[in-house]
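Each chain is listed here by its residues.
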Amino acid sequence: MTNPSWTPSHRRLTDSLRAAAAPACACVLALGGLAVWTASGNAGSPPRIDVTGARLFLPAPGVPRTAAFFRITNTGGARDRLVEVTSSAVTGEISLSRHRMTGRGSAYPQAAESLPVPAGGTLDMSPFTSDVTVPATARWRAGDLVPFTLRFEHGGRVETNAVVVRPGQG
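To start, this report covers the structure provided alongside it. For clarity, every value in this text was computed on a predicted model and none was experimentally measured. (Residues numbered from 1 in each chain as written. Predicted model: local features only at pLDDT ≥ 70, side-chain atom pairs only at ≥ 80, totals over all residues. Heavy atoms only, no water.)

### A closer look at the overall build of the protein chain
Link 1 in the chain: Each helix and strand in the protein chain was counted, giving 1 helix and 10 strands.
Link 2 in the chain: Of the regular secondary structure in the protein chain, the N- to C-terminal order runs α-β-β-β-β-β-β-β-β-β-β.
Link 3 in the chain: Among the 170 residues that make up the protein chain, the fraction classed as buried is 32%.
Link 4 in the chain: As presented, the protein chain carries roughly 10700 Å² of accessible surface, and 58% of it is formed by carbon and sulfur atoms. (Helix = DSSP H or I, 4+ residues; strand = E, 2+ residues; numbered from the N terminus. Buried < 20%, exposed > 50% of the residue type's maximum accessible area, 1.4 Å probe, protein only. Areas by Shrake-Rupley, 256 points an atom, 1.4 Å probe, with all protein chains shown as cover.)

Listed below in structure tokens is the structure:
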């Protein structure tokens, strides 16, 4: 003789299906989202770095340092970091800095070990955000091209030329 409490009834089957529906729908949605993400080329793709808009401020007479700015775009699916900048046309130490705003609307530089480049995003350096601090060379003139090599944690080295511009013109 079988125990009636263990026999499947219509109500028990319906309740079991309803309880399983929410997790099953969540799995289908998650798998669909992952499929779209993978199909768009972002799943696990390494950083893809492009450097444009490179400019170097023409140093003022007697000022020992100036600033270089770069627009760094990462079209890859993983974030990266700018860790070093060098130049064969510069003698002395080149450094990275972030700019912190004061309460009076001005900014001051703060040394940085690296600058983040978000996945699918841009690091757009400016006098208000971040820059590369460069020892000044008196022989630079507006319009000159100065070679730079930017080294990224994952994206390797990218070479570019920065055009020398007067502050406020570029």
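Moving on from the coordinates now.
### A few points about the nonpolar core
Link 1 in the chain: Counting residues in hydrophobic clusters, the biggest one holds 33 residues, and the most contacted among them are Phe70, Ile72 and Phe148.
Link 2 in the chain: Broken down by secondary-structure element, the contributors of at least two residues to this core are β1 (49–57), β2 (65–74), β3 (80–86), β6 (115–117), β8 (130–135), β9 (145–152) and β10 (156–165).
Link 3 in the chain: Contacts of phenylalanine 148, omitting those with residues within four sequence positions, involve Leu56, Ala68, Phe70, Val85, Thr86, Ser87, Ile94, Val134, Val158, Glu159, Thr160 and Ala162. (Core = buried A, V, L, I, M, F, W, Y, C linked by side-chain atoms within 4.5 Å. Contact = heavy atoms within 4.5 Å.)

### Details of the pattern of salt bridges
Link 1 in the chain: Scanning the entire structure with this criterion turns up 3 salt bridges.
Link 2 in the chain: Between glutamate 153 and arginine 81 there is a salt bridge, with the nearest N and O atoms lying 3.0 Å from each other. With glutamate 153 in the loop between β9 and β10 and arginine 81 in strand β3, the pair connects residues that are 72 residues apart, well separated along the chain.
Link 3 in the chain: Note on glutamate 153: relative accessible area 40%, which makes it partly exposed.
Link 4 in the chain: Judged by relative accessible area, arginine 81 falls into the partly exposed class, the value being 33%. (Salt bridge = Lys/Arg side-chain N within 4 Å of Asp/Glu carboxyl O.)

### Regarding the side chain of serine 87
Link 1 in the chain: Following the sequence through the fold, serine 87 ends up in the loop between β3 and β4 (95–101).
Link 2 in the chain: Within the local environment of serine 87, its side chain forms a polar contact with the backbone nitrogen of alanine 89, the two atoms lying 3.1 Å apart.
Link 3 in the chain: For serine 87, the contacting residues outside a window of four places in its chain are Ile94, Val146, Pro147 and Phe148. (Polar contact = N/O pair within 3.5 Å; in protein donor to acceptor, adjacent residues only side chain to side chain.)

### Focus: the side chain of threonine 66
Link 1 in the chain: With respect to the helices and strands, threonine 66 occurs in strand β2.
Link 2 in the chain: Separated by 2.7 Å, the side chain of threonine 66 and the backbone oxygen of phenylalanine 57 make a polar contact.
Link 3 in the chain: Beyond its immediate chain neighbours, meaning those up to four positions away, threonine 66 contacts Leu56, Phe57, Leu58, Pro59, Val132, Thr133, Val134, Ala136 and Trp140.

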